[in-house]
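# Tertiary structure, described
Single-letter residue listing:
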Amino acid sequence: AAGVIQSPRHLIKEKRETATLKCYPIPRHDTVYWYQQGPGQDPQFLISFYEKMQSDKGSIPDRFSAQQFSDYHSELNMSSLELGDSALYFCASSLNGGAADTQYFGPGTRLTVL
Amino acid sequence: AQSVTQLDSHVSVSEGTPVLLRCNYSSSYSPSLFWYVQHPNKGLQLLLKYTSAATLVKGINGFEAEFKKSETSFHLTKPSAHMSDAAEYFCVVSSASPGYNFNKFYFGSGTKLNVKP
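In this report, the structure presented in the accompanying data block is examined.

What counts, and at which threshold
Residues numbered from 1 in each chain as written. Chains lettered and ligands numbered in written order. Predicted model: local features only at pLDDT ≥ 70, side-chain atom pairs only at ≥ 80, totals over all residues. Heavy atoms only, no water. Helix = DSSP H or I, 4+ residues; strand = E, 2+ residues; numbered from the N terminus. Rg over C-alpha atoms; globule rule 2.2 N^0.38 Å. Buried < 20%, exposed > 50% of the residue type's maximum accessible area, 1.4 Å probe, protein only. Contact = heavy atoms within 4.5 Å. Areas by Shrake-Rupley, 256 points an atom, 1.4 Å probe, with all protein chains shown as cover. Buried area = accessible area lost by both parts, 1.4 Å probe. Salt bridge = Lys/Arg side-chain N within 4 Å of Asp/Glu carboxyl O. Polar contact = N/O pair within 3.5 Å; in protein donor to acceptor, adjacent residues only side chain to side chain.

### Concerning the overall build of chain B
Tallying secondary structure elements over chain B gives 0 helices and 12 strands in all. Mapped from its N terminus to its C terminus, chain B presents α and β elements in the order β-β-β-β-β-β-β-β-β-β-β-β. Scaling as 2.2 N^0.38, a compact globule of 117 residues should have a C-alpha radius of gyration of about 13 Å, and chain B matches this with 14 Å. Its C-alpha atoms give chain B principal-axis dimensions of roughly 50 × 30 × 20 Å. Among the 117 residues that make up chain B, the fraction classed as buried is 44%. Residue pairs in contact within chain B that sit at least 24 positions apart in sequence constitute 58% of those at least 6 positions apart. If you sum the accessible surface of chain B, you get close to 5,600 Å²; carbon and sulfur atoms cover 52% of it.

### Description of the interface of chain A and chain B
With 25 residues of chain A in contact, the opposing surface of chain B contributes 24 residues. Here chain A and chain B share an interface that buries about 1,900 Å² over both sides, 53% of which is from carbon and sulfur atoms. Our count for the contact surface shared by chain A and chain B stands at 0 salt bridges. Linking chain A with chain B are 3 residue pairs in polar contact (both at pLDDT 80 or more), by the criterion used here.

### Side note on the environment of Leu 56 of chain B
All names here are of chain B. Assignment of secondary structure puts Leu 56 in strand β7 (residues 56-58). Taking the C-alpha atoms as reference points, Leu 56 and Ser 70, separated by 14 residues in sequence, lie 14 Å from one another. Leave out the neighbours within four places in its chain, and Leu 56 touches Glu 64, Ala 65 and Glu 66.

### Section: the pattern of salt bridges
By the definition in use, this model includes 8 salt bridges over all chains. Arg 63 of chain A serves as the salt-bridge partner of Glu 82 of chain A, at 3.4 Å between the closest nitrogen and oxygen. Taken together, the residues Glu 82 of chain A in the loop between β8 (74-78) and β9 (87-94) and Arg 63 of chain A in the loop between β6 (53-57) and β7 (64-68) connect sequence positions 19 residues apart. Residue Arg 22 of chain B pairs with Asp 8 of chain B through a salt bridge whose shortest N-O separation is 3.0 Å. Separated by 14 residues along the polypeptide, Arg 22 of chain B in the loop between β3 (19-21) and β4 (23-26) and Asp 8 of chain B in the loop between β1 (3-6) and β2 (10-14) bring together distant segments of the chain.

Here's what the structure looks like:
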């Protein structure tokens, strides 16, 4: 079965650079979520989209932005990168974002900021 | 408000012995509860979920969990541990307030399961 695809899997950037992470949800899933997992931390919700509109917002810094496109893939744009942004970034997708919906997670993008 | 507390940050068991990973939740509304497993350098895989149907939920790889509303608990168990079960396990609560359809996952801090030969 098709799963959530994230690219790139690994990314190394310098401080103050920008990064773009991509997420391709499971086919027919219209809801996408982004999470950040710092070293030794549990995943923290950043932002979610339903039908190309932002549906919820968590602890996402103002330096980050995201959007969902017409084909339902999503991109997380990160600017003015800081050392503390080094983390594993997960994308998840679900069928329609309902409270009981399972979120299916991608393998993550490991971002290292030097 | 929603939150999850995983009572043990590390659990160590011998292969072939039972596993118990404890989770307590807090939710203002009827929750959906999930257990995910994360192997090193891997993504999060769904083990099982509870969504107000049967209180005893069976998942993959022999895991199961029981929802106890009176105790606000959703502990994960497995009768016999296997070496391949060594991983980190996350308890997750999701709930949508009335009139708000979109869910958001709240993760526990995780329990690292070590399985000794």
